[in-house]
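# Analysis of the macromolecular model
Listed below are the residues making up each chain.
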Amino acid sequence: MLFDTHTHLDAPQFDGDREETIARAVQQGVTRMVNVGFNRETIPSTMKLAETYDFIYAAVGWHPVDAITMKDGDLEWIAELCKHDKVVAIGEIGLDYHWDTSPKEVQHEVFRRQIGLARELKMPIIIHNREAHEDVIRILREEKASEVGGIMHSFSGSWETAKLCLDMGFHISFGGPITFKNAKQPKEVLVKVPDDRLLIETDSPYLTPHPFRGKRNESGYVRLVAEAAAELKGIDLEEIARITTRNALERFGIR
Ligand code: NI
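As a starting point, this report considers the structure included with it. Each chain has its residues counted from 1, following the order in which its sequence is written. Since the coordinates come from a predicted model, pLDDT governs what is reported: local features require at least 70, and pairs of side-chain atoms require 80 or more to be given and counted, while whole-chain, interface and lining totals use all residues. To get the side-chain values, all heavy atoms of the structure are used, and hydrogens and water are removed first.

### Section: the overall build of the chain
Selection rule: Only DSSP runs of H or I with at least four residues qualify as helices, and only runs of E with at least two residues qualify as strands; both kinds are numbered from the N terminus onward. The atom set for the radius of gyration is the C-alpha atoms, and the globule formula is 2.2 Å times the number of residues raised to the power 0.38. Only protein chains enter the accessibility calculation, which uses a 1.4 Å probe. A residue is then buried if its area is under 20% of the maximum for its type, exposed if over 50%, and partly exposed in between.
Looking only at helices and strands, the chain has nine helices and eight strands in total. Compactness check: the chain gives a C-alpha radius of gyration of 17 Å against a globular reference of 18 Å for 255 residues, within 12% of the reference. For the chain, the spread of C-alpha atoms along the three principal axes comes to 45 × 40 × 35 Å. Residues classed as buried in the chain amount to 58% of the 255 residues present.

### Focus on the coordination of the nickel ion
To keep it simple, the criterion reads: Each metal's donors comprise the N, O and S atoms found within 2.8 Å of it (within 3.2 Å for Na, K or Ca). Water is not part of the atom list, so some coordination spheres may appear incomplete. Angular criteria define each label, namely tetrahedral for four donors with all angles between 85 and 135 degrees, square planar for four and octahedral for six donors with opposite donors over 155 degrees apart and remaining angles between 65 and 115, and irregular for whatever fails these tests.
For the nickel ion, every protein donor is listed as His6 (NE2), His8 (NE2), Glu92 (OE) and Asp203 (OD), and the spread of their distances is 2.1 to 2.5 Å. Between the four donor atoms coordinating the nickel ion, the angles at the centre fall across 83 to 178 degrees, so the site counts as irregular. Residue classification places His6 among the buried positions, given a relative accessible area of 0%.

### Some points on the sheet that holds strand S8 (residues 198-200)
Consider a sheet: its strands pair through backbone hydrogen bonds, and that pairing is either parallel or antiparallel. Short version of the rule: Any two strands with at least two DSSP bridges between them are considered paired. To obtain each axis, a line is fitted to C-alpha atoms, and for helices this fit is confined to the stretch in contact; angles are then taken between N-to-C directions over 0 to 180 degrees.
Sheet architecture is open: eight strands sit in the order S1-S2-S3-S4-S5-S6-S7-S8, paired in parallel fashion. Of all strands in the sheet, those with a lone pairing partner are strand S1 (2-7) and S8, marking the two edges. Between one strand and the next, the sheet's axes are offset by a mean angle of 30 degrees, whatever the strand orientation. Inspection of the sheet shows strand S5 (residues 125-130) paired to strand S6 (residues 150-152) by three bridges, in the parallel sense. Residue Ile125 lies in a different strand from S6, and its bridge partner there is Gly150.

### Quick notes on empty space enclosed by the protein
Cut-off, in case you're wondering: A pocket, in this scheme, is an open set of points on a 1 Å grid over the protein atoms alone with protein on both sides within 12 Å along at least 5 of 7 lines, while a cavity is a set where a 1.4 Å probe fits but cannot get out; residues line either one if an atom lies within 4 Å of a point. Grid points are joined across faces, edges and corners, and a volume is the space filled by probe spheres set on the points. Side-chain classes are defined by residue name, with Ala, Val, Leu, Ile, Met, Phe, Trp, Tyr, Cys and Pro counting as nonpolar, Asp, Glu, Lys and Arg as charged, and the others, Gly among them, as polar.
Under the criterion given, the structure shown has one cavity of 30 Å³ or more. Of the pockets and cavities examined, the largest cavity occupies roughly 50 Å³. Forming the walls of the largest cavity are Ile127, Asn129, His133, Met152, His153, Ser154, Phe155, Ser156 and Gly157. Classifying every residue of the lining of the largest cavity by side-chain character gives three nonpolar, six polar and no charged.

### A few points about the pattern of salt bridges
Keep this limit in mind: The term salt bridge refers to a side-chain nitrogen of Lys or Arg lying within 4 Å of a carboxyl oxygen of Asp or Glu.
What the rule picks out here adds up to 17 salt bridges. A salt bridge links Arg40 to Asp74; the nearest nitrogen and oxygen atoms lie 3.0 Å apart. Placement of the pair is Arg40 in the loop between strand S2 (30-37) and helix H2 (42-52) and Asp74 in helix H3 (residues 74-81), with a sequence separation of 34 residues. Judged by relative accessible area, which is 6%, Asp74 ranks as buried.

### Digging into H2
Test applied: Working note: the arc is built from the helix axis to C-beta atom directions.
Among the residues of H2, those classed as buried are Thr42, Ile43, Thr46, Met47, Leu49 and Ala50. Viewed end-on, H2 has its buried residues packed into an arc of 160 degrees, placing them on one side of the element. Exposed and facing more than 90 degrees away from the buried side of H2 are Lys48, Glu51 and Thr52.

### Some thoughts on the nonpolar core
Side chains of nonpolar character tend, in soluble globular proteins, to be buried together. Formally: Here, the term nonpolar core denotes a set of buried Ala, Val, Leu, Ile, Met, Phe, Trp, Tyr and Cys residues that are joined through side-chain atoms within 4.5 Å. Residue contacts are defined here by distance: any two heavy atoms, one from each residue, within 4.5 Å place the two residues in contact.
In this structure, Ile125, Ile127, Leu140, Met152, Phe170, Ile172 and Phe174 are the most contacted members of the largest nonpolar core, which totals 68 residues. With six residues, helix H8 (residues 222-233) is the single largest residue contributor to this core. The residues touching Ile127, leaving out its near neighbours within four places in the chain, are Ile93, Phe111, Val136, Leu140, Ile151, Met152, His153 and Phe170. Counting 13 residues, the second-largest nonpolar core is a separate cluster that includes Phe3, Ile126, Phe252 and Ile254.

### Digging into unusual backbone geometry
Residues Ser204 and Pro205 are joined by a peptide bond in cis, for which omega reads 10 degrees. Following the sequence through the fold, Pro205 ends up in the loop between S8 and H8. Not every positive phi belongs to a glycine, and Arg255 is a case in point at roughly 55 degrees.

### Examining the packing of aromatic side chains
Here is the rule we go by: The aromatic pairing rule takes the rings of Phe, Tyr and Trp, using the six-membered ring of Trp, and pairs them if the centres are within 6.5 Å, calling planes under 30 degrees apart stacked, those over 60 edge-to-face and the rest tilted. Note on criteria: charge over ring means Lys NZ or Arg CZ within 6 Å of the ring centre, with the direction from the centre no more than 35 degrees off the ring normal.
Summed over the entire model, instances satisfying the criterion amount to five aromatic pairs. Aromatic side chains Phe3 and Phe252 sit 5.7 Å apart centroid to centroid with 25 degrees between the ring planes, which places their arrangement in the stacked category. Of this pair, Phe3 sits in strand S1 while Phe252 sits in helix H9 (residues 237-252), and the two are 249 residues apart along the sequence. Of the two residues, Phe3 and Phe252, neither departs from the other in class, the shared state being buried. Judged by centre distance (4.5 Å) and plane angle (10 degrees), the ring pair of Phe212 and Tyr221 falls under stacked. Taking relative accessible area as the criterion, Phe212 reaches 29% and is therefore assigned partly exposed. Tyr221 sits in the buried class, given a relative accessible area of 17%. Across the ring face of Tyr57, the terminal group of Lys86 is positioned such that the distance to the ring centre comes to 5.0 Å. Over the face of the ring belonging to Phe180 we find Arg213, whose NZ or CZ atom lies 3.5 Å from the ring centre.

Here you go:
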């Protein structure tokens, strides 16, 4: 019924109770999830989860924060993993101007190379964009990302930015922040996103929705995101679950 399109269940925060966390998500009606591996450590642990659970899929890519650690051969490694039938996207990739770990030029180069790879392999991309809206849009455009499209994950931009992404064929995914009382912008954007481009996610263990804000997030809480999205769209939970799950299945090319 529910599809968490972005989660990190391999994170060390779940080392003590990973199986139970996954079981709780299933109890909440989560029938599918995409776990995102984004660097040398999390790509193998993501693949392991995808190989263990039939309802967990994998996205693999190099995160902008880790761009500086990408070495010769890593792009080929990602390309090889994309042949695996549980790998459904390249990501998360993009730009992050909040953390100061990788220089901008390095982030740009790693981002561009992975868009190129996605076009070559015809894989959708999952975009991480933190405080870099303008450059993300410019690079997506220059690298012709519209050929493959993908997902703007945990979208936090304006409607103007969302519209540019929609025009390039992207889906827009929302997480915990749409449940926050004072998060006006993501709520306004969600209402305007066409139903057939809307996705939901947790980004767990981060971005925990209300009323668990401040605690660890987990995939089962995607139900809280779905409830908030349903209320904003003025439809019931079942309908939002049906719409967002259908969109995710189509976008990731599952069955
Ligand atoms: Ni993430």
